[in-house]
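Now for the letters of each chain:
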Amino acid sequence: MKEPSARLRVTSRVKWESVLNIFLQPSLVRSALIGLIRKAHLGSYKFRLKIGAVERPHYGYIVYNAARLAQKLNHKRMSVLEFGVAGGRGLLNLEYHVRQIEALVPIKIDIYGFDTGEGLPRPVDYRDLPYHWKEGFFKMDIPELRSKLNFAKLVLGNVDVTAERFFAEHEPAPIGAVIHDFDFYSSTAMALKLFDENEKYFLPRIYCYFDDTVGDETSLYNDYTGQRLAIHEFNQAHESKKLAVPYHLISRKSVESWYHQIFIYHDFKHRQYNEFISEENQQLPI
Ligand SMILES: C[S@@+](CC[C@H](N)C(=O)[O-])C[C@H]1O[C@@H](n2cnc3c(N)ncnc32)[C@H](O)[C@@H]1O
């Protein structure tokens, strides 16, 4: 019998994987409904964010919750950072979420996107996963992206240089949410050094998303390399500052994989850490 062509084999493998994916979904009906609501923009932004029916729900989740915290702590302005911009899809998506959230929470939100502009630097060693990443991946078209951005600011250059100058150059409003998408251990570790700056630049608790912490059978992210190692070392090196697992998310009945990519930064000695922000009336009836 004649062997099927290579193209046919690839196409049938792709189809087979899509069929398999259907069965890996937690609830078919639920996922289909959420997809429909997202595509058709049904209901308010707040409703769609709540059920995850928005593009990049994790971006919306961290910005919305940071904005609410900032408001409770009486801030009028806050900042959101994205480490790793590449082509800029994430930054443009952030602008969308920020616009929607500014209409819900009385606070101004600034966005800063950090990137070399030239794609990934050379991996330093095995901790940067050179079996998965290569120098020059994700080069940015700077003029094209600038022409599309409305208000997000680009901070271009290697983060080991730009992070040092960032606070003096921009005097940012307190940072409430951070997206870490630098891919490498070395770059993420440098980005985390920002948390050593003066506490006036930060909320006492910061909603963080780490893109490269779940992955697949090729990336095989783990506790000993990549972003997870950077997080682990940060926690080891800081006694009163920790990146903590969001138990409130991962204990939900229906768990999305991005819940496992959220970490909450706590600065226990921050002057606003102990300010009461919860419900005033917590009296329970007998
Ligand atoms: C996966 S891409 C970011 C994708 C983007 N967040 C998105 O969702 O569209 C990773 C980016 O990190 C940047 N990067 C990695 N290490 C860096 C470093 N040390 N300094 C500045 N940028 C870095 C690379 O230039 C690359 O564009």
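Residues numbered from 1 in each chain as written. Predicted model: local features only at pLDDT ≥ 70, side-chain atom pairs only at ≥ 80, totals over all residues. Heavy atoms only, no water.

Participant: Can you walk me through a positive patch on the surface in this structure?
Facilitator: Together, Lys46, Lys50, Arg68, Lys72 and Arg252 give the surface a local cluster of positive charge. Of all elements in the fold, only helix H3 (45-51) and helix H4 (57-72) reach the threshold of two or more residues within the positive patch. Position of Lys46 relative to the elements: it lies in helix H3. Accessibility expressed as a relative area gives 45% for Lys46, which makes it partly exposed. (Patch = residues over 30% accessible without salt bridge, like charges linked within 9 Å, V, L, I, M, F, W, Y side chains within 5 Å. Areas by Shrake-Rupley, 256 points an atom, 1.4 Å probe, with all protein chains shown as cover. Salt bridge = Lys/Arg side-chain N within 4 Å of Asp/Glu carboxyl O. Lys, Arg positive; Asp, Glu negative; His and termini not counted. Charge placed at Lys NZ, Arg CZ, Asp CG, Glu CD. Helix = DSSP H or I, 4+ residues; strand = E, 2+ residues; numbered from the N terminus. Buried < 20%, exposed > 50% of the residue type's maximum accessible area, 1.4 Å probe, protein only.)

Participant: Which parts of the structure should I look at to understand the side chain of Asn235?
Facilitator: With respect to the helices and strands, the residue Asn235 is situated in helix H9 (residues 226-237). Taking relative accessible area as the criterion, Asn235 reaches 18% and is therefore assigned buried. The contacts of Asn235, once residues within four sequence positions are left out, are Lys241, Lys242 and Leu243. (Contact = heavy atoms within 4.5 Å.)

Participant: Help me understand the site of the ligand in this model?
Facilitator: Residues in contact with the ligand amount to 20 residues; listed here are only the nearest, Arg56, Gly84, Asp115, Asp181 and Ser187. Within the backbone of Phe138, a nitrogen or oxygen atom sits 3.3 Å from an oxygen atom of the ligand. At a separation of 3.0 Å, a nitrogen atom of the ligand approaches a polar side-chain atom of Asn158. Isolated, the ligand exposes 610 Å² of accessible area, and the fraction of that covered by the protein chains is 93%. Of the residues that constitute the shell around the ligand, the class distribution is eight nonpolar, seven polar and five charged. (Near = heavy atom within 4 Å. Polar contact = N/O pair within 3.5 Å; in protein donor to acceptor, adjacent residues only side chain to side chain. Nonpolar A, V, L, I, M, F, W, Y, C, P; charged D, E, K, R; others polar.)

Participant: Explain the packing of H4 against helix H5 (residues 89-102) to me, please; I cannot follow it from the model alone.
Facilitator: Packed helices, taken two at a time, are described by their axes: the angle between them and the distance between them. H5 packs onto H4 with a crossing angle of 40 degrees between their chain directions and a minimal axis gap of 10 Å. Accordingly, the angle class assigned to the pair H4 and H5 is oblique. As for the relative orientation of H4 and H5, their crossing is right-handed in sense. On the side of H4, the interface is formed by Tyr59, Gly60, Val63, Tyr64 and Ala67, while H5 contributes Gly90, Asn93, Leu94, His97, Val98 and Ile101. Residues belonging to the contact of H4 with H5 are distributed by class as follows: seven nonpolar, four polar and no charged. (Axes fitted to C-alpha atoms, helices over the stretch in contact; angles between N-to-C directions. Parallel < 35°, antiparallel > 145°, perpendicular 65-115°, else oblique. Left-handed = near helix turned anticlockwise from the far one by under 90°.)

Participant: How should the pairing of strand S4 (residues 175-180) be read in this particular structure?
Facilitator: Every other side chain in a regular strand lies on the same face of the sheet, so the side chains alternate between the two faces. Among the six residues that make up S4, six are buried, leaving the element largely enclosed by the rest of the structure. Inspection of the sheet shows strand S1 (residues 77-83) paired to S4 by five bridges, in the parallel sense. When the sheet's bridge partners are listed, Phe83 is paired in S4 with His180. Where S4 meets strand S5 (residues 202-210), five bridges bridge the pair, whose relative direction is parallel. Bridge assignment links Ile175 to a residue of S5, and that residue is Phe202. The parallel pair S4 and S5 is bridged by helix H8 (residues 185-192), and the resulting crossover is right-handed. (Pairing = 2+ DSSP bridges. Right-handed = clockwise from strand over helix to strand, strands pointing away.)

Participant: What's the story with the nonpolar core in this structure? I'm lost.
Facilitator: When a protein is soluble and globular, its nonpolar side chains tend to lie buried together. In this structure, Phe195 and Leu243 are the most contacted members of the largest nonpolar core, which totals 68 residues. If you tally residues by element for this core, the top one is H4, at nine residues. Apart from the residues within four sequence positions on either side, Phe195 is in contact with Val178, Phe202, Ile206, Cys208, Phe234, Lys241, Leu243 and Tyr265. With five residues, the next largest nonpolar core counts Leu129, Trp133, Phe184 and Tyr221 among its residues. (Core = buried A, V, L, I, M, F, W, Y, C linked by side-chain atoms within 4.5 Å.)

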